[in-house]
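Results of the structural survey
The residues making up each chain are set out below.
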Amino acid sequence: MDAAQLALVFIHLLGMAAVVGGYFAGIRSVPKRLSAGMVHGTLLQLLSGVLLLGLAEMGTEPVNHAKFGIKIAITVVLLLISSAPHLVAAPTRSGDSIRHLSCCRHLGAHECRDRRICKVGGNMRNIIKTLRAEFAPVTVHAHCDIPCGIYDPAGAVTAAKTVARMVELIGQIDVTDHASRNKLVRCITAKEEHAELVKHEVQVIWSDYFKPEHLAKVPDLHDQVWKLLKLASKNKQNVDPAAAVELVAATEAFAKSFAASKA
Amino acid sequence: MTARRIWRAVVAERSMAPTLEPGDTLLVAPAGPYGLPWLRGTPRIGSIVIAEREGRLDVKRVAAWPVDTLQTPDALWLLGDNTAASNDSRQGGPVPLSALRGILLFRTGPSGRRGRVR
């Protein structure tokens, strides 16, 4: 038994030598091809490997099936590649080499249309390309109403703070000339726009984000939103520092409710 | 869209956050009617699956199985990890096994997030 195993190991290594030797022998040749020796070496490796596996199975030692499986799979893939007839070195005819060179001078990113002419680099690239196309990812949805990242009360809070700041600025402007009048009008416009923005932000979160089950965690949600929207309208119409402070506090309370609903 | 082979998926939206984020690519084993005979293994509770609902593929986690429904004796109760922003069995009801399309094997990308998903 031991002698048989030793002989098989020798043959196995011989096969490997043929493959590795063939690789180094052909390393300088421009159209990269498998020599017949490499193909035979691979076959020899598969055969002797399977026989070695048989011997190992007959023995008493536990057999590492994963190791054998991976080795056999690699060998089978090598054999499949080498069984592609155009890859294996054929007797060269006159003129062949010139055609190879003319196709493969620019190895960078060219695509070989005619695989019978160009054997360099193209095959592995083509295999990878096919695999990539075959395993192109399919979109799966982790669904929620529109992209969910947009549900954030921070927008409403920022808008409310802008309203408060604008109210503050409006109180400081003394209209004496065109420049100060221009600034006043701009501040008023910004205040009204941001008060409207508060309403919009809060309404979107209220109608789109909040679901019936959230009401258990935020029981006063509807009343809170209703009062907040009215407060925002009041800020839009008037210049009232107290109301502006209230609006900021109300949006912050709304942000707390939003956080509470997620807890 | 899906077949009897291992396929790849890319996640859109955030209902499985923080486990799965938009742009994550997943390697998926076929399951349900598309499952290979030796890979058909029904999902375990807690595993992440892909099911077809209303013509689109949803990725969700199995919260309970089997769930008895009027139509099918065994159905999956699927929930998103990001419960606040997930549309799942709480709204759509249980999902029959026949709608199952795949079981997540592992995450293939983006490069920093490769590996097993729990």
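Small disclaimer: the values here were computed from a predicted structure and weren't measured.

**As for unusual backbone geometry**
All names here are of chain B. The phi torsion at E13 lies on the positive side, around 70 degrees, for a residue other than glycine. The residue E13 is located in the loop between β1 (7-12) and β2 (25-30) in this model. Using a count of 27 C-beta atoms within 10 Å as the deciding quantity, one classes E13 as buried.

**Looking at the pairing of β2 of chain B**
Residues in a regular strand project their side chains so that they alternate between the two faces of the sheet. All names here are of chain B. Here β2 shows a clear split, with L26, V28 and P30 buried on one side and none of T25, L27 and A29 buried on the other. Pairing of β1 with β2 involves four bridges; the strand directions are antiparallel. Across the sheet, residue W7 finds its bridge partner in β2, namely V28.

**Some thoughts on the interface of chain A and chain B**
With 16 residues of chain A at the contact, the number on the chain B side is 24 residues. Secondary-structure elements contributing two or more residues to the side of chain A that touches chain B are β1 (138-141) and α9 (241-262) of chain A. Ranked by residues supplied to the side of chain A that touches chain B, first place goes to β1 of chain A with four residues. A breakdown of the residues in the side of chain A that touches chain B according to their chemical character gives ten nonpolar, five polar and one charged. As paired strands, β1 of chain A and β1 of chain B are joined by four bridges and run parallel to one another. Opposite V138 of chain A, over in β1 of chain B, you have A9 of chain B as the bridge partner.

**Focus on helix α3 (residues 65-82) of chain A**
The terminal C-alpha atoms of α3 of chain A lie 25 Å apart, and with 18 residues this matches the ideal 26 Å at 1.5 Å per residue to within 8%. Burial analysis of α3 of chain A places just one of its 18 residues in the buried class, which makes it a mostly uncovered element.

**A word on the nonpolar core**
V11, V49, I50, A51, V59 and L76 of chain B are the most contacted members of the largest nonpolar core, which has 29 residues in total. Those elements giving two or more residues to this core turn out to be β1, β2, β3 (48-53), β4 (56-67), β5 (75-79) and β7 (100-109) of chain B. Discounting residues that sit within four places of it in the chain, V49 of chain B has contacts with A31, P43, K60, V62, L100, G102, I103 and L104 of chain B. Grouped together as the second largest cluster of nonpolar side chains are 26 residues, A164 and Y209 of chain A together with A84 and A85 of chain B included.

**Description of the environment of L44 of chain A**
All names here are of chain A. Locating L44 in the fold gives a position in helix α2 (residues 36-58). Considering only alpha carbons, one finds L44 and I11, 33 residues apart in sequence, at a separation of 7.5 Å. Those residues in contact with L44, other than ones at most four positions away along the chain, are I11, L14, G15 and A18.

**Examining the confidence of the model for chain B**
In the predicted model, chain B carries a mean pLDDT of 80, and 84% of its residues have values of at least 70. Complex prediction metrics read pTM 0.41 and ipTM 0.72.

**A closer look at the pairing of β4 of chain B**
All names here are of chain B. As paired elements, β3 and β4 share six bridges and run antiparallel to each other. By the bridge assignment, I50 is partnered in β4 with V59. Linkage of β3 to β4, two consecutive antiparallel strands, is achieved through a turn of two residues, within which E54 is found at a positive phi near 50 degrees. Sheet topology note: the β4/β5 ladder contains four bridges and is antiparallel. When the bridges of β5 are listed, V67 appears paired with A75.

**Notes on the confidence of the model for chain A**
Residue and element names in this part refer to chain A. For chain A, per-residue confidence averages 80 on the pLDDT scale, and 78% of positions sit at 70 or higher. Mean pLDDT across the elements of chain A bottoms out in helix α4 (residues 96-104) (41) and peaks in helix α8 (residues 221-237) (94). Under a pLDDT of 50 for its full length, residues 90-110 has, in the predicted model, 15 contacts with residues more than four places off or in other chains. Throughout residues 145-149 the model reports pLDDT below 50, and contacts reaching past four residues in sequence, or to other chains, amount to seven contacts.

Procedures and definitions
Residues numbered from 1 in each chain as written. Chains lettered and ligands numbered in written order. Predicted model: local features only at pLDDT ≥ 70, side-chain atom pairs only at ≥ 80, totals over all residues. Helix = DSSP H or I, 4+ residues; strand = E, 2+ residues; numbered from the N terminus. Buried ≥ 20, exposed ≤ 12 C-beta atoms within 10 Å, placed from the backbone. Pairing = 2+ DSSP bridges. Contact = placed C-beta atoms within 7 Å. Nonpolar A, V, L, I, M, F, W, Y, C, P; charged D, E, K, R; others polar. Expected span 1.5 Å × (residues − 1). Core = buried A, V, L, I, M, F, W, Y, C linked by C-beta atoms within 7 Å. pLDDT = per-residue confidence, 0-100.

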